[in-house]
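# A closer look at the structure
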Amino acid sequence: MPASIKLPLSLNFRSQVVSVENTLYFMRSDPEGIVSYDVASGMWSQFEIPAPLHLNDQALAECSGRIMLVGLLTKNAATCVCIWELQRMTMLWKEVDRMPNLWCLEFYGKHVRMTCLGNKKGLLMLSLRSRQMNRLVTYDVASGEWDKVPSCLVPSGGRKKQWIACGTAFQPSPTAVA
């Protein structure tokens, strides 16, 4: 790690790494922001970017070459999903959309956890989980449309937790080297 990167480096590993062109982006939690690594040049950069207020769970996602922050805004017992885009000129988060309020009522008073994946075609897939429910939702960035995937019930009485969407989105390449 070069001396220009502020240490100690506290990366947020609850959010996956995203890749846009030749650059990897990591969430940073102290101070809040992003650390990037340009694979082609070998250069590291860091950006202090304040997180939106009342954000308690978040994930980076790449969507059509854009860096998105998808998170749960929680105030009192109300929780809502919100989407921001990183403005590369100002290095600030700009709110893009919020899940419809009627849908957010389903999360009221529940401890909801979230994972999110994006793809090259502009679609975000969110997995929202609590002890009482599992919900898979998609969001089309271009059209601003939210869509619920049909309900998925958590088996009762079992010890296993059901995770319906987790992992890392990627673009397959025959020249990739691990």
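Keep in mind the model is a prediction, meaning the values are calculated, not measured.

## Describing the overall build of the protein chain
When helices and strands are counted, the protein chain shows 1 helix and 12 strands. Mapped from its N terminus to its C terminus, the protein chain presents α and β elements in the order β-β-β-β-β-β-β-β-α-β-β-β-β. Taken across its 178 residues, the protein chain has 39% of its residues classed as buried. Sequence-distant contacts in the protein chain: of pairs separated by 6 or more residues, those separated by 24 or more amount to 40%. Total accessible area on the protein chain stands at roughly 10900 Å², and carbon and sulfur atoms take up 55% of it.

## Remarks on the sheet that holds strand 9 (residues 113-118)
Across the sheet, 4 strands lie side by side as 9-10-11-12; this open sheet has antiparallel pairing. Strands at the two margins of the open sheet, each flanked by one partner only, are strand 9 and strand 12 (145-148). When strand polarity is set aside, the average angle formed by the axes of neighbouring strands in this sheet is 20 degrees. Looking at chain direction, strand 9 and strand 10 (residues 123-129) are connected through 6 bridges and run antiparallel. Bridge pairing in strand 10 places glycine 118 opposite leucine 124.

## Topic: the confidence of the model for the protein chain
Confidence in the prediction for the protein chain averages 78 pLDDT; 78% of positions are at 70 or higher. Mean pLDDT values over the elements of the protein chain span from 81, in strand 9, up to 93, in strand 8 (residues 92-98). Low pLDDT (under 50) marks residues 161-165, which in the prediction has 16 contacts with non-local residues, meaning those over four places away or in another chain.

## Considering the packing of aromatic side chains
Going through the model one piece at a time under the given rule, you end up with 3 aromatic pairs. On the numbers, 6.2 Å between centres and 25 degrees between planes, the contact of phenylalanine 26 with tryptophan 44 is stacked. With a gap of 18 residues between them, phenylalanine 26 in strand 2 (residues 23-29) and tryptophan 44 in strand 4 (residues 43-48) connect regions that are remote in the sequence. Judged by its relative accessible area of 25%, tryptophan 44 is partly exposed. Note on tyrosine 139 and tryptophan 146: the rings are 4.5 Å apart at their centroids and 50 degrees apart in plane angle, and the pair reads as tilted. Given the relative accessible area of 2%, tyrosine 139 is considered buried. Assessed through its relative accessible area of 12%, tryptophan 146 is described here as buried.

## Observations concerning the side chain of threonine 23
Mapped onto the elements, threonine 23 comes out in strand 2. With sequence-adjacent residues up to four places away left out, threonine 23 is seen in contact with Val18, Ser36, Tyr37 and Asp38.

## Digging into the nonpolar core
By size, the foremost hydrophobic cluster in this structure holds 24 residues, and its most contacted members are Val70, Val81, Met99, Leu124, Leu128 and Trp146. Those elements that provide at least two residues to this core are strand 5 (55-63), strand 6 (66-75), strand 7 (78-87), helix 1 (101-104), strand 9, strand 10 and strand 11 (134-140). When neighbours within four sequence positions are excluded, valine 70 is seen to be in contact with Asp57, Gln58, Ala59, Val81, Cys82, Ile83, Met114, Cys116, Leu124 and Leu126.

## With respect to the side chain of aspartate 57
By secondary structure assignment, the location of aspartate 57 is in strand 5. By relative accessible area, which is 4% here, aspartate 57 ends up buried.

## Observations concerning the state of the cysteines
For the coordinates displayed, the defined rule picks out 0 disulfides. Cysteine cysteine 63 shares no disulfide, and the gap to the nearest cysteine sulfur, in cysteine 116, comes to 8.0 Å. Take cysteine 63: its relative accessible area is 1%, and that puts it in the buried class.

Calculation rules
- Residues numbered from 1 in each chain as written.
- Predicted model: local features only at pLDDT ≥ 70, side-chain atom pairs only at ≥ 80, totals over all residues.
- Heavy atoms only, no water.
- Helix = DSSP H or I, 4+ residues; strand = E, 2+ residues; numbered from the N terminus.
- Buried < 20%, exposed > 50% of the residue type's maximum accessible area, 1.4 Å probe, protein only.
- Contact = heavy atoms within 4.5 Å.
- Areas by Shrake-Rupley, 256 points an atom, 1.4 Å probe, with all protein chains shown as cover.
- Pairing = 2+ DSSP bridges.
- Axes fitted to C-alpha atoms, helices over the stretch in contact; angles between N-to-C directions.
- pLDDT = per-residue confidence, 0-100.
- Phe/Tyr/Trp six-rings, centres within 6.5 Å; stacked < 30°, edge-to-face > 60°.
- Core = buried A, V, L, I, M, F, W, Y, C linked by side-chain atoms within 4.5 Å.
- Disulfide = S-S within 2.5 Å.

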